[in-house]
Number of protein chains: 2
Amino acid sequence: MRIGELSRRTDTPVRMLRYYEEQGLIHSERLPNGYRSYEDYVVDRVRQVRGLLEVGLPTRIIKQILPCLDGSRAIYLPYVTPDMIATLERERDRMAEKIECLTKNHRAISDYLEAVSHEIRAS
Amino acid sequence: MRIGELSRRTDTPVRMLRYYEEQGLIHSERLPNGYRSYEDYVVDRVRQVRGLLEVGLPTRIIKQILPCLDGSRAIYLPYVTPDMIATLERERDRMAEKIECLTKNHRAISDYLEAVSHEIRAS
DNA sequence: TCAATGTATGACATTGGTGTGAGGGTCAAG
DNA sequence: CTTGACCCTCACACCAATGTCATACATTGA
């Protein structure tokens, strides 16, 4: 598919798709006329990238961890450096912290909204 | 306590503490000499603010939801506008999405690291 | 008293993710 | 052949969070 369709299917500005490519997060072939052409799987990848960006990971880190999140991972095992492992462990721990933070605040907001809705019903 | 101690206890640059105050996220009294003076509870608040910033919430939103996360919340109930409720619901839902995304990727990284460590032990 | 440390304000710079627009090709439908 | 929709690259602008620096006052200990 071309960039417009990818943009629609991922609800992502075309500008950003080019940017993600520039940052090495997604890949495209080129049609004879120079247009970018994407494989289907890129749709999912873009969604994943956007999710990770939303939770505060910079593209630099996303680029590093993406290959490990790709399903058929056995291929990558031989290439893993200790450095890479350290990065992954760090990010894994940071993610755990974030999950904890989000969960706590999510519950607090939910409880609050719950209380408010009771209040309204009572008045 | 003064700003230096707060900085140490929250592991936050002094610069940022002043910024958070400017954004209305924390509050300080002033000592006779003009120095900022903080209550103990501000330590926790700063940590909460940093956590929320880390997971991608902008200060504008944090400022809105913080009052609802303060424990003694009954006081705030009468002041809640429908507008505010809408904001809270939106943020609650966005948080849920983020938790899902993080959980998924956290597990993927964990699994990957697990696989790698087995590989290493086997070789 | 002097030096060191902490604090205040204000200004400017940087960074990363975005928005936006200029200027120009491609191509299919009318 | 022209129009309109889509694509290209490049450049400049923007915003929020953060870093850094300059200048100056306060406090404390040698």
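Residues numbered from 1 in each chain as written. Chains lettered and ligands numbered in written order. Predicted model: local features only at pLDDT ≥ 70, side-chain atom pairs only at ≥ 80, totals over all residues. Heavy atoms only, no water.

## A word on the UniProt feature "domain: HTH merR-type" (unreviewed entry) in chain A
Our working rule: UniProt positions are given in the numbering used here, feature names are shortened, and annotations may be inferred rather than shown by experiment. Only DSSP runs of H or I with at least four residues qualify as helices, and only runs of E with at least two residues qualify as strands; both kinds are numbered from the N terminus onward.
Listed under "domain: HTH merR-type" (unreviewed entry) in the UniProt record, and renumbered for this structure, are residues 1-68 of chain A. Secondary structure content for residues 1-68 of chain A is 56% helix and 6% strand, while the C-alpha to C-alpha distance between its ends is 25 Å.

## Considering the relation of the copies chain A and chain B
Both copies of the chain are tied together by a single rotation about an axis and a shift running along it. Stated formally: The least-squares superposition of copies is restricted to C-alpha atoms, and to residues with a pLDDT of at least 70 in both copies. Only heavy atoms enter the contact rule, under which two residues are in contact if any of them lie within 4.5 Å.
With an RMSD of 0.1 Å, the fit of chain A onto chain B corresponds to turning through 180° and sliding 0.0 Å along the axis. Taken together, the rotation and translation describe the operation of a two-fold axis. Residue by residue, 100% of the interface of chain A is reproduced at the interface of chain B, so both copies engage with the same surface.

## Some points on the interface of chain A and chain B
What counts, and what does not: In short, buried area is how much 1.4 Å probe accessible area vanishes from two parts on joining, totalled over both. A pair is scored as a salt bridge if a Lys or Arg side-chain nitrogen falls within 4 Å of a carboxyl oxygen belonging to Asp or Glu. In protein, a polar contact means a hydrogen-donor-capable atom and an acceptor-capable atom, both N or O and within 3.5 Å, with residues adjacent in sequence counting only if both atoms are side-chain atoms; elsewhere, any N or O pair within 3.5 Å suffices. Residues are sorted three ways: Asp, Glu, Lys and Arg are charged, Ala, Val, Leu, Ile, Met, Phe, Trp, Tyr, Cys and Pro are nonpolar, and all the rest, Gly among them, are polar.
Each partner contributes residues to the interface: chain A has 36 residues there, and chain B has 37 residues. Summed over both partners, the interface of chain A with chain B comes to about 3500 Å²; 79% of that surface belongs to carbon and sulfur atoms. Run the count over chain A and chain B and you get two salt bridges. Ionic pairing is found between B:E54 and A:R94, a salt bridge with its closest N-O pair at 3.6 Å. Counting across the interface, chain A meets chain B through four residue pairs in polar contact (both at pLDDT 80 or more). Among the secondary structure elements, those contributing two or more residues to the side of chain A that touches chain B are α3 (41-54) and α5 (82-122) of chain A. The class makeup of the residues in the side of chain A that touches chain B is 22 nonpolar, seven polar and seven charged.

## Some remarks on the protein's contact with DNA strand C
Inclusion rule: For this description, a residue counts as near a given molecule or strand if any of its non-hydrogen atoms is within 4 Å of it.
Surveying the vicinity of DNA strand C reveals 18 residues, the closest of which are A:Y19, A:T59, B:G4, B:Y35 and B:R36. One of the side-chain N or O atoms of A:Y20 is found 3.3 Å from a phosphate oxygen in DNA strand C. B:R30 is positioned with one of its side-chain polar atoms (N or O) 3.1 Å from a phosphate oxygen of DNA strand C. Ranked by residues supplied to the surface near DNA strand C, first place goes to helix α2 (residues 14-22) of chain A with four residues. In the surface near DNA strand C, the residues fall into nine nonpolar, four polar and five charged.

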